[in-house]
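Understanding the architecture of this molecule
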Amino acid sequence: MTGYYDYVLGLIPVALIGVTASLTLVGLSVTSALPFGAVAAGTVMAHAMFVRNPVASEAPAERSFDGDAGERAAVGGSAAGGSSAGTAD
């Protein structure tokens, strides 16, 4: 299944070569057309990195699977109900 970043990886060389080739066909020299193709490819990469970034914006919160045991542990007691002070692991 292809996703957004698969399309971006394919679009980077297409933008570079396509814009450069089309500007060359219009009449610009390759030396003048290549920076425009590089800017187009850079724009595609910048969009992928900064507009639709691949990093999740927020990590999911940790949940307790055994009811309110996490609440007891958060206020200082252990999940078993006793104090864990002075015991070795």
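**Description of the nonpolar core**
Ranked by size, the top nonpolar core spans six residues in total: V8, I12, A15, A41, V44 and A48. Within the residue set of this core, elements represented by two or more residues are α1 (4-26) and α2 (30-51). What I12 contacts, discounting residues up to four positions off in sequence, is A41, V44 and M45.

**Focus on α1**
Between its terminal C-alpha atoms α1 stretches 31 Å, which fits the 33 Å expected from 23 residues at 1.5 Å a residue. A maximum bend of about 30° is found in α1 at L11, where proline P13 lies one to four positions downstream. Listed as buried for α1 are V8, I12, A15 and T20. G27 occupies a position one or two residues after α1 and carries a positive phi of about 135°.

The rules we used
Residues numbered from 1 in each chain as written. Predicted model: local features only at pLDDT ≥ 70, side-chain atom pairs only at ≥ 80, totals over all residues. Heavy atoms only, no water. Core = buried A, V, L, I, M, F, W, Y, C linked by side-chain atoms within 4.5 Å. Buried < 20%, exposed > 50% of the residue type's maximum accessible area, 1.4 Å probe, protein only. Helix = DSSP H or I, 4+ residues; strand = E, 2+ residues; numbered from the N terminus. Contact = heavy atoms within 4.5 Å. Expected span 1.5 Å × (residues − 1). Bend = angle between axes of the 7 residues up to and from the residue.

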